[in-house]
Amino acid sequence: MTFKSKKLSAAMLAVTLALSLSACSGMSRQDRNTAIGAGAGAIGGSVLTDGSTLGTLGGAAVGGIIGHQVK
């Protein structure tokens, strides 16, 4: 997989996650914070690791955990 395709894949994952959040209007506040944290973490992980899939997934996991803990 080339660098350009990795970056495109990470960007598409972030866009898909962001769009899926709009369909979750019935979520609790904690669930919404978890989803937002995961989305922000995925974007941050992708940017920091230059589009690495592992970095994107790791960022999403860490962001989701932090978002879940926010009250």
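Refer to the preceding data block for the structure.
Residues numbered from 1 in each chain as written. Predicted model: local features only at pLDDT ≥ 70, side-chain atom pairs only at ≥ 80, totals over all residues. Heavy atoms only, no water.

This paragraph deals with the overall build of the chain. Helix and strand content of the chain: 3 helices and 0 strands. Starting at the N terminus, the α and β elements of the chain follow one another as α-α-α. Here the chain has a C-alpha radius of gyration of 12 Å; the compact-globule value for 71 residues is 11 Å, and the two agree. Its C-alpha atoms give the chain principal-axis dimensions of about 40 × 20 × 10 Å. Here the analysis covers contacts within the chain between residues at least 6 apart in sequence; of these, 51% occur between residues at least 24 apart. A total of about 4800 Å² of accessible surface is found on the chain, and carbon and sulfur atoms cover 70% of it. (Helix = DSSP H or I, 4+ residues; strand = E, 2+ residues; numbered from the N terminus. Rg over C-alpha atoms; globule rule 2.2 N^0.38 Å. Contact = heavy atoms within 4.5 Å. Areas by Shrake-Rupley, 256 points an atom, 1.4 Å probe, with all protein chains shown as cover.)

Our next topic: helix α3 (residues 53-69). One turn of the α-helix equals 3.6 residues, which is why residues spaced by three or four share an orientation. Here α3 spans 25 Å end to end across 17 residues, near enough to the 24 Å set by a 1.5 Å rise per residue. All of the buried residues along α3 are Gly-55, Thr-56, Gly-59, Gly-63, Gly-64 and Gly-67. Buried residues of α3, seen end-on, are gathered within an arc of 165 degrees and therefore sit on one face of the element. What points out from α3, more than 90 degrees from its buried face, is the exposed set Leu-54, Ile-65 and Gln-69. Regarding α3, its N-cap is Ser-52, as a side-chain oxygen of that residue lies 3.3 Å from the backbone nitrogen of Leu-54 further along. (Expected span 1.5 Å × (residues − 1). Buried < 20%, exposed > 50% of the residue type's maximum accessible area, 1.4 Å probe, protein only. Arc of directions from axis to C-beta. Polar contact = N/O pair within 3.5 Å; in protein donor to acceptor, adjacent residues only side chain to side chain.)

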